[in-house]
Amino acid sequence: GVLILGMSVGSSRFNASRTEQILDWLQTHRPDAQLMITDRPAIHNRLALGESEADAVKYCLKKGRQLRDYCTLVLNRPGNRMEVFNWDAIYQSSHFAEALAEFKLLAKLNTEFHSDVAQQSRRVLEREANGRTVSDESVELAMNYLFEEFAAIEAFGRELSVPVAY
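Residues numbered from 1 in each chain as written. Predicted model: local features only at pLDDT ≥ 70, side-chain atom pairs only at ≥ 80, totals over all residues. Heavy atoms only, no water.

1. Concerning helix α5 (residues 94-109)
Right, so step 1: Taking 1.5 Å of rise per residue, the 16 residues of α5 would be expected to cover 22 Å, and the 22 Å separating its terminal C-alpha atoms lies within 8% of that figure.
Right, so step 2: Turning to α5, its buried residues number three or more, namely F96, A99, L100, F103 and A107. Looking down the long axis of α5, one finds its buried residues gathered within 105° of arc, a one-sided arrangement. Exposed residues pointing more than 90 degrees away from the buried face of α5 are listed as K108 and L109.
Right, so step 3: By the N-cap criterion, in which a side-chain oxygen at the helix start approaches the backbone nitrogen of a residue two or three places on, α5 is capped by S93, the distance to H95 being 3.1 Å. (Helix = DSSP H or I, 4+ residues; strand = E, 2+ residues; numbered from the N terminus. Expected span 1.5 Å × (residues − 1). Buried < 20%, exposed > 50% of the residue type's maximum accessible area, 1.4 Å probe, protein only. Arc of directions from axis to C-beta. Polar contact = N/O pair within 3.5 Å; in protein donor to acceptor, adjacent residues only side chain to side chain.)

Okay, structure coming up:
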């Protein structure tokens, strides 16, 4: 199967040297890995924290460019087969739209799934909120980050006609 490495724009784990180490390992052991830099879905978290849309987009895309720059050294090597997800193409995919609708419906119908996604979203927001209270409304908005991440992975599998394991 294909390994998809999620790279969060808010994570301190993905500094330049650590990113190069991770990609070096992947190039040796999982050369067909796909890199998912979550700059576009992360906009939901910034909005949930009260930022304007313009500031949220600017922040997330800047962080995404920084992560892509960290990846460039390895991705430009001869024989590299790893690729970075293209969010513009993903957002236009019918497979993505279908999967996103399915995950949102699942969250409405399955309280355990909704609770798991909400708890993870709340943890992320609380870490970024610097002591500010995180409202349930903010959590609901931030849940879209995970829904988009899940839907992108599912759409990727559907495009390749391969089963996806989470």
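2. Topic: the sheet that holds strand β1 (residues 4-7)
Right, so step 1: Here 3 strands make up an open sheet; going across it, the order is β1-β2-β3 and the pairing parallel. Among the strands making up the open sheet, the edge pair consists of β1 and β3 (83-84).
Right, so step 2: In this structure, strand β2 (residues 34-37) lies alongside β3, joined through 2 bridges in parallel fashion. Across the sheet, residue Q34 finds its bridge partner in β3, namely E83.
Right, so step 3: Contacts from helix α1 (residues 16-29) reach β1 and β2, with the element oriented near 175° to β1.
Right, so step 4: Running over the sheet, helix α7 (residues 136-160) touches β1 and β2 and is turned about 155° from β2. (Pairing = 2+ DSSP bridges. Contact = heavy atoms within 4.5 Å. Axes fitted to C-alpha atoms, helices over the stretch in contact; angles between N-to-C directions.)

3. Describing the layout of surface pockets
Right, so step 1: One number sums up the size of the largest pocket: a volume of about 530 Å³.
Right, so step 2: Surrounding the largest pocket, 23 residues form its lining, S8, N45, V124, R127 and Y145 being those nearest its centre.
Right, so step 3: Per-element tally for the lining of the largest pocket: the top contributor is α7, with 6 residues.
Right, so step 4: For the lining of the largest pocket, the class distribution of residues is 11 nonpolar, 7 polar and 5 charged.
Right, so step 5: Of the pockets and cavities examined, the second largest pocket occupies roughly 310 Å³.
Right, so step 6: Lining the second largest pocket we find 14 residues, and of these V2, I4, I153, V164 and A165 sit closest to its centre. (1 Å grid on protein atoms, 1.4 Å probe; cavity = no way out; pocket = protein on both sides within 12 Å on 5 of 7 lines; lining within 4 Å. Points joined across faces, edges and corners; volume = space filled by probe spheres on them. Nonpolar A, V, L, I, M, F, W, Y, C, P; charged D, E, K, R; others polar.)

4. So, the nonpolar core
Right, so step 1: By size, the foremost hydrophobic cluster in this structure holds 46 residues, and its most contacted members are M7, L23, L26, L35 and F147.
Right, so step 2: The dominant element in this core, judged by the number of residues it contributes, is α7, at 10 residues.
Right, so step 3: For M7, the residues in contact, after removing those within four places along its chain, are F14, T19, L35, M36, I37, T38, L67 and C71. (Core = buried A, V, L, I, M, F, W, Y, C linked by side-chain atoms within 4.5 Å.)

5. Focus: the side chain of S11
Right, so step 1: Mapping S11 onto the fold places it in the loop between β1 and α1.
Right, so step 2: A polar contact is formed between the side chain of S11 and the backbone nitrogen of R13, at a distance of 3.1 Å.

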